Amino acid sequence: MTDVFIAADNIFSPIGTTTAQNFAQLKKGISGIKLHDDKAIADEPFQAALFDKNLVILNDVERKFTKFEHLLIRSVFDALAHCSVDISDKKTILVISTTKGNISLLETEPDNPNLTERVALSTSAKLVAEYFDCANEPLVVSNACISGIMAILTGMRLIRSGQYENAVIVGADVITKFVLSGFQSFQAISPDPCKPFDANRTGITLGEGAATMILSSNHQYAGNVKVVSGAVSNDANHISAPSRTGEELAQAINKALKDANLSATDVDFISAHGTATSYNDEMEAKALTLAKLENIPVNSLKGYYGHTLGAAGLIESIISIQSLKENLVLPTLGFVTMGVTNPLNVCMALLPGNYNNCLKTASGFGGCNAAVLFSK
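Overview of the structure.

Calculation notes
- Here, residues in each chain are numbered from 1, in the same order as that chain's written sequence.
- Where local features are concerned, this predicted model is filtered to residues with pLDDT of at least 70; where side-chain atom pairs are given and counted, the filter is 80 or more; whole-chain, interface and lining totals use all residues.
- No hydrogens and no water enter the side-chain calculation; it runs on all heavy atoms of the structure.
- The working definition used for a salt bridge is a side-chain nitrogen of Lys or Arg within 4 Å of a carboxyl oxygen of Asp or Glu.
- A run of H or I in DSSP counts as a helix once it spans at least four residues, and a run of E counts as a strand once it spans at least two, with each numbered from the N terminus.
- For the exposure calls, accessible area comes from a 1.4 Å probe over protein chains only, and a residue counts as buried if that area is under 20% of its type's maximum, exposed if over 50%, partly exposed in between.
- Should any heavy atoms of two residues lie within 4.5 Å, those residues are counted as being in contact.
- Just so you know, the count uses Lys and Arg for positive and Asp and Glu for negative, and it drops His and the chain ends.
- Polar contact criterion, stated in full: a pair of N or O atoms within 3.5 Å, where within protein one must be able to donate a hydrogen and the other to accept it, and residues adjacent in sequence count only if both atoms are side-chain atoms.
- Stacked, tilted and edge-to-face are the three classes applied to pairs of Phe, Tyr and Trp rings, where Trp contributes its six-membered ring and a pair requires centres within 6.5 Å; stacked means planes under 30 degrees apart, edge-to-face means over 60, and tilted covers the rest.
- Multiply 1.5 Å by the residue count of a helix minus one, and that product is the helix's expected span.
- Nonpolar cores were defined as sets of buried Ala, Val, Leu, Ile, Met, Phe, Trp, Tyr and Cys residues, with membership established by side-chain atoms within 4.5 Å.
- One requirement defines pairing of two strands: DSSP has to find at least two bridges between them.

## Focus on the pattern of salt bridges
Per the stated rule, a full pass over the model turns up 11 salt bridges. When the shortest N-O distance is used, the salt bridge between Lys-27 and Glu-326 registers 3.0 Å. A residue pair is termed long-range when its members are at least 10 positions apart, and Lys-27 in helix H1 (residues 19-27) and Glu-326 in helix H11 (residues 312-326) qualify at 299 residues. By relative accessible area, Lys-27 is classed as partly exposed at 35%. The exposure class of Glu-326 is partly exposed, given its relative accessible area of 35%. Taking the shortest distance from any N to any O, the salt bridge between Asp-37 and Lys-39 comes out at 3.0 Å. Overall, the relative accessible area of 54% leaves Asp-37 in the exposed class. In this structure, a network of salt bridges that share partners links the residues Lys-302, Glu-316 and Lys-360.

## Looking at the environment of Leu-50
Relative to the helices and strands, Leu-50 is located in the loop between strand S3 (46-49) and helix H2 (67-80). Given the relative accessible area of 13%, Leu-50 is considered buried. In sequence terms Leu-50 and Leu-206 are 156 residues apart; their C-alpha atoms lie 8.5 Å from each other. Once you skip the residues sitting within four places of it in the chain, Leu-50 turns out to touch Pro-14, Gly-32, His-36, Ile-41, Ile-175 and Glu-208.

## Describing the side chain of Glu-248
Along the polypeptide, Glu-248 turns up in helix H8 (residues 247-259). Within the buried core, Glu-248 has no salt-bridge partner, and the shortest N-O distance to an opposite charge, that of Arg-244, equals 9.8 Å. Among the polar contacts made by the side chain of Glu-248, one reaches the side chain of Ser-243 at a distance of 2.8 Å. For Glu-248, the residues in contact, after removing those within four places along its chain, are Ser-233, Asn-234, Asp-235, Ser-243 and Asn-369.

## Let's talk about the packing of aromatic side chains
Scanning the entire structure with this criterion turns up 6 aromatic pairs. Geometrically, the ring pair formed by Phe-12 and Phe-51 is tilted, given 5.4 Å between the ring centres and 35° between the ring planes. Of this pair, Phe-12 sits in strand S1 (residues 5-12) while Phe-51 is found in the loop between S3 and H2, placing the two residues 39 residues apart along the sequence. Residue classification places Phe-51 among the buried positions, given a relative accessible area of 8%. With a centroid separation of 5.5 Å and 75° between ring planes, the pair formed by Phe-269 and Tyr-355 is classed as edge-to-face. Linking Phe-269 in strand S10 (residues 269-271) with Tyr-355 in the loop between strand S14 (351-352) and strand S15 (357-364), this pair joins segments that are 86 residues apart in sequence. Note on Phe-269: relative accessible area 1%, which makes it buried.

## Overview of helix H9 (residues 278-290)
Residues that lie three or four places apart on an α-helix share one face, since the helix turns once every 3.6 residues. Taking 1.5 Å of rise per residue, the 13 residues of H9 would be expected to cover 18 Å, and the 19 Å separating its terminal C-alpha atoms lies within 8% of that figure. Every buried residue of H9 is listed here: Asn-280, Asp-281, Glu-282, Met-283, Glu-284, Ala-285, Ala-287 and Leu-288. Elements that come into contact with the buried residues of H9 comprise H8, S10, strand S11 (297-299), S15 and strand S16 (368-375). With its phi angle positive at about 65°, Lys-292 sits one or two positions after the end of H9.

## Some points on the nonpolar core
Counting 46 residues, the largest nonpolar core has Met-213, Leu-215, Tyr-305 and Phe-374 as its most contacted members. Here this core takes 7 residues from helix H6 (residues 147-160), the largest share from any one element. Setting aside residues no more than four positions away along its own chain, Leu-215 makes contact with Val-4, Phe-5, Ile-6, Ile-152, Gly-155, Met-156, Ile-159, Glu-165, Asn-166, Ala-167, Ile-169 and Val-227. Core analysis: the second largest hydrophobic core is formed by 33 residues, Leu-58, Phe-65, Ala-172 and Val-174 among them.

## What to know about the pairing of strand S8 (residues 209-216)
The buried count for S8 comes to 8 of 8 residues, which makes it a mostly enclosed element. Of the two faces of S8, the one carrying Gly-209, Ala-211, Met-213 and Leu-215 and the one carrying Ala-210, Thr-212, Ile-214 and Ser-216 are both buried. With 7 bridges joining them, S1 and S8 adopt antiparallel strand pairing. Within S8, the residue paired with Asn-10 across the bridge is Thr-212. Two strands pair when backbone bridges link them, and strand S6 (residues 166-173) and S8 are joined in this way by 8 bridges, in the antiparallel orientation. Within S8, the position partnered with Ile-169 by the bridge is Met-213.

Here it is in structure tokens:
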């Protein structure tokens, strides 16, 4: 099977504009989550990890791009600067991950056919591809909260199919009134910063961000961390609630392990989805137990970034890759007391070690689940 290396990456978030800046902040326990009082998003104050309103993401003189597109372009631009991959080459494919895209335009623009086209994810993808003079039509992956991991797996499979040598995977989402009110309608938003896997967790915290991972089969990157395998499954259980058994996420995990010729004992640490809702964390704990991973160190990064939706799988995968590089697993911010029926080995402090293999998981609305394995 063709090796797929991670040539370069970037995280553009409220706590840093590069992967290195982000990881340095996380090691200090710094979170982007704050209490916001913004009537344009919500009538009452709310917790979230948001960009500063005065932040200039991209110098867009023509103002043809939205904030969402600015985030995509800025993140890709930084990642490309750290490798020799040519995004305009016919051997390179652009894959975009998002759950909401430009949905905020529905709040501010008049309803007409032009708006319908402008909100379409394909429109944003074409604009970003044109900006970078991409030779190929871009792909969009939008499958709830597993979008980021699914985009990585899509890039990996396209490279292994022989169609492309490189894949530029980028994800982003922006928090707006439409997005926040949707989660509030489920009564899923926590009044406090989220507490993944904790007994006193009260729901999710949302966040903004963008991230890029550049994949390549070129052996000039052979010393880098690899994407070795991954799998996707679906509960077929409920439109918004996850499986009650965790069996389907466990299936995705086991398939990923089998395809990588690894066993549960080969996994050195896990970056869980860990949204801090009662149902998600309970389901994920059951799934990890079914996969015989309950004793492996596990963390959730939602306490630092909030749930960044279409960017979450990418941001959290890149942080996990950095953990592999630095042999350092990060703690789960907000976790104090075990709050799931099947206890896990949740990291509560920086955990140095000798790490070679990392498992990243995610689950989302519609019963979707994903697992991806990264190895040195």
